[in-house]
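Next come the chains, spelled out residue by residue.
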Amino acid sequence: LTNDDYLDLRLRELLERVSADGLAPGGGSAAALTVAFAARLVAMVARCSPGWRDAVGVTAQANSISERAVALAHTDGRVWEEALTALRDAETAGGGDARRDFALEQKLEAAAAAPLEIASLGADAAELAALAGEHGDGTYRADAAAAAALAAGGAAAAAHLVRVNLGMRTTDPRLARALESEQAAHGFADALLDPSR
Amino acid sequence: MTEATRYAALPDSDLVRRCREGDAEAWNELVERYSRYVYAIAVRGFRLSEEDAEDVFQDVFTRIYTRLDTLRDASALRPWIAQLTRRRCLDVLASKGRELPADEMLTTEEGADLAEVEEAFTVRQALGGLSDACQEILDRFFARDQSYKTISAELDIPSGTIASRIARCLGRLRSELEGRNQRESGSRE
């Protein structure tokens with residue numbers, strides 16, 4: 001699927017693609033699209049809040065986050081398919097080929113880059129949702145909370161994929177960054193979902 | 001304010017006047033201000049190769065230099081440059097034997113790309129009217145796709161205020177664009 005395909009496919013077709021086979025779109029693309037949905041919800045809340053001075057600026061930011069997330073859905077699908085192919089080749093051939101193992105490791109490492117960005121975008125979408133929940137029209141506060149929850153879910157899923165793709169490298173700074181994004185997103189979502197906290 | 005910054009703040013009409021007076025710094029600013037515009041029309045609007053776009057670029061700026069005195073309304077510099085560029089692009093396409101639509105009959109896609117180039121240039125000019133801080137934060141978020149966290153860390157701005165700052169800078173950009181539109185429509189009346 002190309003970047004445009006994600007936007008041009010009917011929702012039914014996109015969902016069928018997700019469940020069709022082991023290829024993209026997979027977990028990373030789904031996480032990215034979840035963040036895109038979250039950002040569009042924030043844009044909706046902002047648009048429906050005429051009394052909010054920053055509403056237009058927040059709408060523009062939310063739309064930008066959504067567009068970036070859709071592009072990442074495509075990127076993640078592409079690099080993940082490449083990594084998957086390399087993984088299957090390695091399984092078929094058996095172990096012991098250092099060059100092939102190195103190539104596989106490189107592919108998996110590349111596959112961690114997109115989810116890292118998705119997690120970061122999830123944190124930004126959740127932050128924007130928190131702003132919308134605080135300053136937006138009260139009628140749409142629940143939508144802002146829903147946006148934050150979706151963004152946090154997308155960030156959590158993406159952070160998990162970073163962890164998996166980096167494998168044993170638990171001290172890799174990218175893993176720490178992904179977990180920071182996940183925690184930040186959850187912090188914003190929790191505050192909106194349970195204001196008593 | 002440096003000399004270059006002072007010239008960058010000049011409206012087109014003043015820039016044209018200074019160019020006509022032979023001010024070399026004004027010429028530099030004119031080329032700086034419109035070089036990406038001319039190039040974008042050639043490459044994005046007319047799908048020219050880089051080599052052909054370079055030829056168009058050289059030719060258009062030579063024509064601007066030799067014919068600036070023929071421009072009757074100095075505030076209409078941009079549409080004049082756009083027209084020169086479009087004509088030159090069509091000449092290049094004709095010389096390559098490509099079937100030519102009339103200027104007004106560009107394909108929908110090419111027309112949309114040209115409109116996008118115009119819009120991008122308008123926004124870029126309006127950005128120049130904002131404070132350095134606003135230009136910086138908008139560039140980081142919208143052009144460099146930086147996260148709020150990265151912007152906060154690199155500009156040493158408290159996290160949690162970035163989104164609001166961006167929103168306010170966008171508000172100023174909007175006012176700047178509206179002001180420009182009003183000035184432009186006023187100058188045409």
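Just so it is clear, the model here is predicted, and its values are computed rather than measured. (Residues numbered from 1 in each chain as written. Chains lettered and ligands numbered in written order. Predicted model: local features only at pLDDT ≥ 70, side-chain atom pairs only at ≥ 80, totals over all residues. Heavy atoms only, no water.)

A. A look at the overall build of chain B. Along the backbone of chain B there are 9 helices and 0 strands. Counting from the amino terminus, helix and strand elements in chain B follow one another as α-α-α-α-α-α-α-α-α. When the 189 residues of chain B are sorted by exposure, 39% land in the buried category. The contacts of chain B with a sequence gap of at least 6 include a subset with a gap of at least 24, amounting to 60%. Taken as a whole, chain B presents about 10,900 Å² of accessible surface, with 47% of it coming from carbon and sulfur. (Helix = DSSP H or I, 4+ residues; strand = E, 2+ residues; numbered from the N terminus. Buried < 20%, exposed > 50% of the residue type's maximum accessible area, 1.4 Å probe, protein only. Contact = heavy atoms within 4.5 Å. Areas by Shrake-Rupley, 256 points an atom, 1.4 Å probe, with all protein chains shown as cover.)

B. Spatial organisation of the overall build of chain A. Along its length, chain A carries 7 helices and 0 strands. Computed over the C-alpha atoms, the radius of gyration of chain A is 18 Å, within 12% of the 16 Å expected from 2.2 N^0.38 for a compact globule of 197 residues. Reported as C-alpha extents along the three principal axes, the dimensions of chain A are approximately 65 × 40 × 25 Å. Among the 197 residues that make up chain A, the fraction classed as buried is 45%. In chain A, once contacts between residues fewer than 6 apart in sequence are set aside, the share between residues at least 24 apart is 75%. Summed over all atoms, the accessible surface of chain A reaches about 9,700 Å², with 55% contributed by carbon and sulfur. (Rg over C-alpha atoms; globule rule 2.2 N^0.38 Å.)

C. Inspection of the nonpolar core at higher detail. One finds Ile65 and Leu128 of chain A to be the most contacted residues of the largest nonpolar core, which totals 61 residues. Secondary-structure elements contributing two or more residues to this core are helix H3 (27-47), helix H4 (55-93), helix H5 (98-135), helix H6 (141-166) and helix H7 (173-193) of chain A together with helix H7 (132-143), helix H8 (148-155) and helix H9 (162-188) of chain B. Each residue touching Leu128 of chain A, except ones within four places of it in the same chain, is listed here: Val42, Val58, Gln61, Ala62 and Ile65 of chain A together with Tyr148 and Ala163 of chain B. (Core = buried A, V, L, I, M, F, W, Y, C linked by side-chain atoms within 4.5 Å.)

D. Quick look at the side chain of Asp54 of chain A. Looking at where Asp54 of chain A falls in the secondary structure, it is placed in the loop between H3 and H4. According to the relative accessible area criterion, Asp54 of chain A is buried, its value standing at 5%. A polar contact is formed between the side chain of Asp54 of chain A and the side chain of Arg168 of chain B, at a distance of 3.0 Å. Every residue in contact with Asp54 of chain A, bar those within four places of it in the chain, is listed here: Ser164, Ala167 and Arg168 of chain B. (Polar contact = N/O pair within 3.5 Å; in protein donor to acceptor, adjacent residues only side chain to side chain.)

E. Structural context of the side chain of Arg140 of chain B. Here Arg140 of chain B lies in helix H7. Taking relative accessible area as the criterion, Arg140 of chain B reaches 9% and is therefore assigned buried.

F. Fine view of the packing of H5 of chain A against H7 of chain A. Residue and element names in this part refer to chain A. Orientation of H5 relative to H7, taken along the N-to-C sense of each, is 25°, at an axis distance of 8 Å. Here H5 lies roughly parallel to H7, going by the angle between them. As for how H5 packs across H7, the hand of that crossing is left-handed. Across the interface between the two elements, Glu109, Leu116, Ala119, Ser120, Gly122, Ala123, Ala126, Glu127, Ala129, Ala130 and Gly133 from H5 touch Arg174, Arg177, Ala178, Ser181, Ala184, Ala185, Phe188 and Leu192 from H7. When the residues that make up the contact of H5 with H7 are grouped by side-chain class, the tally is 11 nonpolar, 4 polar and 4 charged. (Axes fitted to C-alpha atoms, helices over the stretch in contact; angles between N-to-C directions. Parallel < 35°, antiparallel > 145°, perpendicular 65-115°, else oblique. Left-handed = near helix turned anticlockwise from the far one by under 90°. Nonpolar A, V, L, I, M, F, W, Y, C, P; charged D, E, K, R; others polar.)

G. How the structure looks around helix H5 (residues 77-95) of chain B. All names here are of chain B. If you check H5, its first and last C-alpha atoms are 27 Å apart, about what 19 residues at 1.5 Å a residue would give, namely 27 Å. Along H5, the residues classified as buried are Leu77, Arg78, Trp80, Ile81, Ala82, Leu84, Thr85, Cys89, Leu90, Val92 and Leu93. A positive backbone phi angle near 80° is found at Gly97, which sits one or two residues after H5. (Expected span 1.5 Å × (residues − 1).)

H. Molecular detail of the interface of chain B and chain A. The interface of chain B with chain A comprises 15 residues on the first partner and 16 residues on the second. Counting each side, the surface lost to burial between chain B and chain A is near 1,300 Å², with a carbon and sulfur contribution of 52%. Three residues, Phe141, Tyr148 and Arg168 of chain B, lead the burial of chain B against chain A; their summed loss comes to 35% of the area buried on that side. Here chain B is connected to chain A by 3 salt bridges. Ionic pairing is found between Lys149 of chain B and Glu180 of chain A, a salt bridge with its closest N-O pair at 2.7 Å. (Buried area = accessible area lost by both parts, 1.4 Å probe. Salt bridge = Lys/Arg side-chain N within 4 Å of Asp/Glu carboxyl O.)

I. Spotlight on the state of the cysteines. All names here are of chain B. Enumeration over the complete set of coordinates arrives at 1 disulfide over all chains. Cys134 shares a disulfide with Cys169; S-S distance 2.1 Å. Residues Cys134 and Cys169 are joined through a disulfide that is left-handed, its torsion about the S-S bond being -80°. Taken together, the positions of Cys134 in helix H7 and Cys169 in helix H9 put the pair 35 residues apart, joining distant regions of the chain. Of the two residues, Cys134 and Cys169, neither departs from the other in class, the shared state being buried. (Disulfide = S-S within 2.5 Å.)

J. Inspection of the environment of Ala42 of chain B at higher detail. All names here are of chain B. Structurally, Ala42 is set in helix H3 (residues 24-45). In this structure Ala42 comes out as buried when scored by relative accessible area, which is 0%. Residues Ala42 and Phe57, spaced 15 residues apart in sequence, show a C-alpha to C-alpha distance of 8.3 Å.

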